[in-house]
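Residue-level structure breakdown
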Amino acid sequence: MFKEKYDVIVVGGGHAGSEAAASAANMGSKTLLVTMNLQNIAQMSCNPAMGGIAKGQILREIDAMGGYSGIVSDTSAIQFKMLNKSKGPAMWSPRVQSDRMLFAEHWRLKLEATKNLDFYQEMVSSLLVKKGKLIGVKTSLGLEIEAKSVILTNGTFLNGLIHIGDKNFGGGRAGERASIGITKDLIDLGFEAGRMKTGTPPRVDGRSLDFSKMIEQPGDAIPSKFSFSNETQALTKQRSCFMTYTSPEVHNILKEGFDRSPMFNGSIESTGPRYCPSIEDKIHKFSEKDRHQMFIEPEGWKTIEYYVNGFSTSLPEDIQYKALKSVKGFENVKFFRPGYAIEYDYFPPTQLKHTLETKLVENLYFAGQINGTTGYEEAASQGLMAGINAALQVQEREEFTLQRNEAYIGVLIDDLITKGTEEPYRMFTSRAEYRTLLRQDNADFRLTEKAHKIGLASDARLQKMEEKKAKSKDFVDFFKNTSVTTDEINPILENKKSHKVEQQGKMFKIFARPNITMDDMLMVESVKAYTEKHKLDSETLEQVEIQVKYAGYIAKEKQNADKLNRLENIKIPQNFDYSKLKSMSFEAREKLNEIQPRTVSQASRVSGVNPSDISVLLVHMGR
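The present account deals with the structure reproduced in this document. (Residues numbered from 1 in each chain as written. Predicted model: local features only at pLDDT ≥ 70, side-chain atom pairs only at ≥ 80, totals over all residues. Heavy atoms only, no water.)

1. Considerations on the overall build of the protein chain
- Counting its secondary structure elements, the protein chain contains 21 helices and 22 strands.
- Since a compact globule built from 623 residues should have a radius of gyration of about 25 Å, the 26 Å found for the protein chain is in line with a globular shape.
- Taken along the three principal axes of its C-alpha coordinates, the protein chain extends 80 × 70 × 55 Å.
- When the 623 residues of the protein chain are sorted by exposure, 57% land in the buried category.
- Within the structure as shown, the protein chain displays about 26500 Å² of accessible surface, and the carbon and sulfur contribution to it stands at 49%.
- When the 84 positive and 80 negative side-chain charges of the protein chain are each reduced to one mean point, those points stand 2 Å apart. (Helix = DSSP H or I, 4+ residues; strand = E, 2+ residues; numbered from the N terminus. Rg over C-alpha atoms; globule rule 2.2 N^0.38 Å. Buried < 20%, exposed > 50% of the residue type's maximum accessible area, 1.4 Å probe, protein only. Areas by Shrake-Rupley, 256 points an atom, 1.4 Å probe, with all protein chains shown as cover. Lys, Arg positive; Asp, Glu negative; His and termini not counted. Charge placed at Lys NZ, Arg CZ, Asp CG, Glu CD.)

2. Description of a negative patch on the surface
- Together, Asp487, Glu488, Glu525 and Glu532 line one region of the surface with negative charge.
- Among the secondary structure elements, those contributing two or more residues to the negative patch are α13 (486–495) and α16 (525–534).
- Relative to the helices and strands, Glu532 resides in helix α16. (Patch = residues over 30% accessible without salt bridge, like charges linked within 9 Å, V, L, I, M, F, W, Y side chains within 5 Å. Salt bridge = Lys/Arg side-chain N within 4 Å of Asp/Glu carboxyl O.)

3. Observations concerning the pattern of salt bridges
- As enumerated under the stated definition, the model contains 38 salt bridges in all.
- Between Glu231 and Lys110 there is a salt bridge, and its shortest N-O distance comes to 2.7 Å. With a gap of 121 residues between them, Glu231 in the loop between β14 (215–217) and β15 (241–245) and Lys110 in helix α4 (residues 100–112) connect regions that are remote in the sequence.
- Within the structure, one salt-bridge network assembled from shared partners comprises Arg404, Asp414, Asp415, Lys419, Glu433, Glu568 and Arg605.

4. A closer look at unusual backbone geometry
- Positive phi, close to 65°, is recorded for Asn84, a residue that is not glycine.
- Phi is positive for Gln596, which is not a glycine, with a value near 50°.
- Within the secondary structure, Gln596 is located in the loop between α19 (586–595) and α20 (600–604).

5. Overview of the sheet that holds strand β12 (residues 194–200)
- Pairing within the open sheet is antiparallel, and its four strands lie in the order β11-β10-β19-β12. In this open sheet, the two strands that pair with only one neighbour each are β11 (167–170) and β12. For this sheet the average axis-to-axis angle between neighbouring strands, irrespective of direction, equals 25°.
- Where β12 and strand β19 (residues 340–346) come together, seven bridges link them in antiparallel fashion. Looking across to β19, one finds that Thr200 is bridged to Tyr340. (Pairing = 2+ DSSP bridges. Axes fitted to C-alpha atoms, helices over the stretch in contact; angles between N-to-C directions.)

6. Some remarks on the environment of Ile409
- Here Ile409 shows up in helix α10 (residues 408–419).
- The exposure class of Ile409 is buried, given its relative accessible area of 0%.
- Between the C-alpha atoms of Ile409 and Leu438, which are 29 residues apart in sequence, the distance is 10.0 Å.
- With near-sequence residues (within four places) excluded, Ile409 lies in contact with Ile58, Glu61, Ile62, Met65, Ser381, Met385 and Leu402. (Contact = heavy atoms within 4.5 Å.)

7. Here's the deal with the side chain of Thr531
- Of note, Thr531 is situated in helix α16.
- Residue Thr531 is classed as buried on the basis of its relative accessible area of 10%.
- A polar atom in the side chain of Thr531 sits 2.8 Å from the backbone oxygen of Lys528. (Polar contact = N/O pair within 3.5 Å; in protein donor to acceptor, adjacent residues only side chain to side chain.)

8. Quick word on the packing of aromatic side chains
- Applying the stated criterion to the full structure yields 18 aromatic pairs.
- When the centroid spacing of 5.6 Å and the interplanar angle of 40° are considered together, the rings of Phe191 and Phe366 count as tilted. Here Phe191 is found in the loop between α5 (182–188) and β12, whereas its partner Phe366 is found in strand β20 (residues 364–366), with 175 residues between them in sequence.
- Looking at Phe191, the relative accessible area reads 5%, which means it is buried.
- Phe366 gets classed as buried once you look at its relative accessible area, which sits at 1%.
- Members of the aromatic cluster, joined through ring pairs, are Phe475, Phe478, Phe479, Phe511 and Tyr530.
- The ring of Phe228 carries the charged tip of Arg60 above its face, separated from the ring centre by 4.0 Å.
- Lying over the aromatic face of Phe445, Lys469 brings its terminal NZ or CZ to 5.8 Å of the ring centre. (Phe/Tyr/Trp six-rings, centres within 6.5 Å; stacked < 30°, edge-to-face > 60°. Lys NZ or Arg CZ within 6 Å of the ring centre and 35° of its normal.)

Right under this line is the structure:
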């Protein structure tokens, strides 16, 4: 059955594996997706939601390049919210609540409809390596499958160990066995490995909850969507989430189980996610707080199962139950299953190149939680990039990478391979120094053309983006070149308590005022007539408003990014020996020899490297 040699084998069918398989296959590579259970492709292991702060930007970037996560998120959404709308557009982050079962089903169907993609259900137990090159995989049944490249996307399955109180057992997810064998192979090949931890809250029966005691959290009145394509539509109906709080009584009950908590009794030694701590971690570290928020999220359109966001825990199940019963609205709660923590193997990502290919073994790529990240979106973006680069390498084409000023995905990968991570890495807007350029609304402007050039984004996507870009530019030019009379604009300004103008002037200047919105400008007859004539949609109107209002900030960031790119263009020879630069600090030489940055710009971001060290490097490169 496996006489044919595959171009790309993807190991693991989670969010990283699904995007990796889709991108490699869509770029024309003969691809095989091997996973332990084909029924669990793209399973939402934790919360039933996609997007959020910075993660929403990543999803839109994946979609702009032709990935599937945005489309699947739209078609399985039960609620849409644009977070941080009260802040500037660089902070706006789309998020959906998802129907967990629909999400997995739609991903499976998208993959099954993808040409060049085969599937096989079994555990990959070891890797086939010859002369430092990966040549295939071996399964637990002893099947050897040859490939020109392999992408490992094992999630939390590598030697996974589940903890509930003082009980623990092997598993990669509740009800699923762990994956064994690959870690040993990689360590034998010279890779450094570590352990990380993540957790999940209890799932409960919605029929046992009293939502009248909670605060309803509806979706946006006018919901948007993730995908830039015409393949999806915005929601016309939505399901609400609900919010409630813990209390001192709940905290006291939880403390009763601390002596049996794997987090406090030494059973768990690995590091958990800083920004998604367990409830026991929260009340231990923030003992001055007498309550914490909990968001009660439906798992789908029809199911009665609810996810208790904010109550991630590995405490004994009896303590979990007793504590939740003391939460307002949970007095009669019934569990579907308790929360748990899981420990798993990961490999410090400084062992990777920008393409996500490993430095030690040619043709081997890592994507997702194996690299120390947390979150569906971070995993999916790595899978997309690993799939792209594995396909390009097989086709003997130039590698594809994204810089920090081009995409959040570029920031994510650069952070991982340059700085590494000792705790589960999560993306935030604050990690991106050029976040005004990397907005969720312009991901298609930034990335669709790049993805089209390598053969991933379709012609239809490129055409749609170019039309939107042209319409946006023309409308901005309209505001720059068109004047408005005092009679037209002053009543609008007066209504907004904005300073009136004394003479006719260009609309751009007035529109740039902080308190003047597109809705205000649409009250000017010529603006309204222009939008109707050119059939401008809400997406284009939003794009233009941002371009007008933030023109100065955007120009400044582009200028700063251009300065960075000068250093990005100074390439460092492969396997450069920094030990010969005696004027450089010992720490810098040691770190740079380990990381082997590709450019002077990347070298400047390595932890422990100072500006004076970069000056020494620049002088040497100049010579």
